[in-house]
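Chain residues, written in single-letter form:
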Amino acid sequence: AVQDMVDGIHGAFRDHVAEARGEALVAASVGKEGRSERHATNAKEVIDRVATGDVFLGTQAIRLGLVDRLITSDEYIAERIRQGARVLKLMVHTRPVGLSGLFSGPSRRNSPSVGYGGGFGGG
């Protein structure tokens, strides 16, 4: 039952990547294999080759057409802010452990929540 669920999620992820990255996957496959007699003709074929459970370095993911570029999360957030996006700030709240935690209200230290921040690095 659990394996069926994992297989279903993996299949849905493969389908999503094939649909979202289709052209890039096929182009990377043709570019990578160059003059090879056999190259992938559609994204599903490429996914069958790369969705093996292996972990790829960023440069490998670019070469395979899985990503367009490599940037840090800070660079991405700053870029999105410059484009006018509204950025949320993740605030981690904690709850006391033990019996006292059952009777006390939420603490600002242990229960994760998302709140609106005042922009990049703001509060």
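Below or above, wherever it landed, is the structure these notes cover. This is a predicted model, so every value here is computed, not measured. Residue numbers here run from 1 along each chain, matching the order of that chain's written sequence. This being a predicted model, a pLDDT of at least 70 is required before a residue's local features are given, and a value of 80 or more before pairs of side-chain atoms are given or counted; all residues contribute to the totals for chains, interfaces and linings. Based on all heavy atoms of the structure, the side-chain values leave hydrogens and waters out of the count.

### A closer look at the pattern of salt bridges
Side chains carrying opposite charge are able to pair once their charged atoms draw close together. The condition that has to hold: Salt bridge, as used here: a side-chain nitrogen of Lys or Arg that lies within 4 Å of a carboxyl oxygen of Asp or Glu. In this description a helix means any DSSP run of H or I spanning at least four residues, a strand means any run of E spanning at least two, and both kinds are numbered starting from the N terminus. To sort residues, take the accessible area from a 1.4 Å probe on protein chains only and compare it with the maximum for the residue type: under 20% means buried, over 50% means exposed, and anything in between is partly exposed.
Counting across every chain of the model gives four salt bridges. A salt bridge links Asp-15 to Lys-44; the nearest nitrogen and oxygen atoms lie 2.9 Å apart. A residue pair is termed long-range when its members are at least 10 positions apart, and Asp-15 in helix α1 (residues 2–33) and Lys-44 in helix α2 (residues 43–50) qualify at 29 residues. On the accessibility criterion, Asp-15 (41% relative accessible area) is partly exposed. When its relative accessible area of 45% is taken as the criterion, Lys-44 is described as partly exposed. A salt bridge links Asp-68 to Arg-21, with the shortest nitrogen-to-oxygen separation between them at 2.8 Å. Of this pair, Asp-68 sits in the loop between α3 (58–64) and α4 (73–82) while Arg-21 sits in helix α1, and the two are 47 residues apart along the sequence.

### Describing the nonpolar core
Among soluble globular proteins, nonpolar side chains are generally buried collectively. Inclusion rule: In this description, a nonpolar core means a group of buried Ala, Val, Leu, Ile, Met, Phe, Trp, Tyr and Cys residues linked to one another through side-chain atoms lying within 4.5 Å. Residue contacts are defined here by distance: any two heavy atoms, one from each residue, within 4.5 Å place the two residues in contact.
One finds Val-17, Ala-18, Leu-25, Ala-43, Val-46, Ile-47, Val-50 and Leu-64 forming the largest nonpolar core, which totals eight residues. Of all the secondary structure elements, the ones that give two or more residues to this core are α1 and α2. For this core, the leading source of residues is α2, giving four residues. Excluding its chain neighbours within four sequence positions, the residues that come into contact with Val-17 are Gly-22, Leu-25, Ile-47 and Leu-66.

### Observations concerning α2
The line we're drawing: To obtain the arc, one takes the directions from the helix axis to the C-beta atoms. Any pair of N or O atoms that falls within 3.5 Å is considered a polar contact. Within protein, one atom must be able to donate a hydrogen and the other to accept it, and sequence-neighbouring residues count only if both atoms are side-chain atoms.
The complete set of buried residues in α2 reads Ala-43, Val-46, Ile-47 and Val-50. Buried residues of α2, seen end-on, are gathered within an arc of 100° and therefore sit on one face of the element. At the N-terminal boundary of α2, the capping side chain belongs to Asn-42, with an oxygen 3.0 Å from the backbone nitrogen of Lys-44.

### Describing the environment of Asn-42
Tracing the backbone shows Asn-42 in the loop between α1 and α2. Relative accessible area serves as the criterion here: at 32%, Asn-42 is assigned to the partly exposed category. With 17 residues separating them in the primary sequence, Asn-42 and Leu-25 have C-alpha atoms 8.1 Å apart. In terms of polar contacts, Asn-42 uses its side chain to reach the backbone amide nitrogen of Lys-44, at 3.0 Å.

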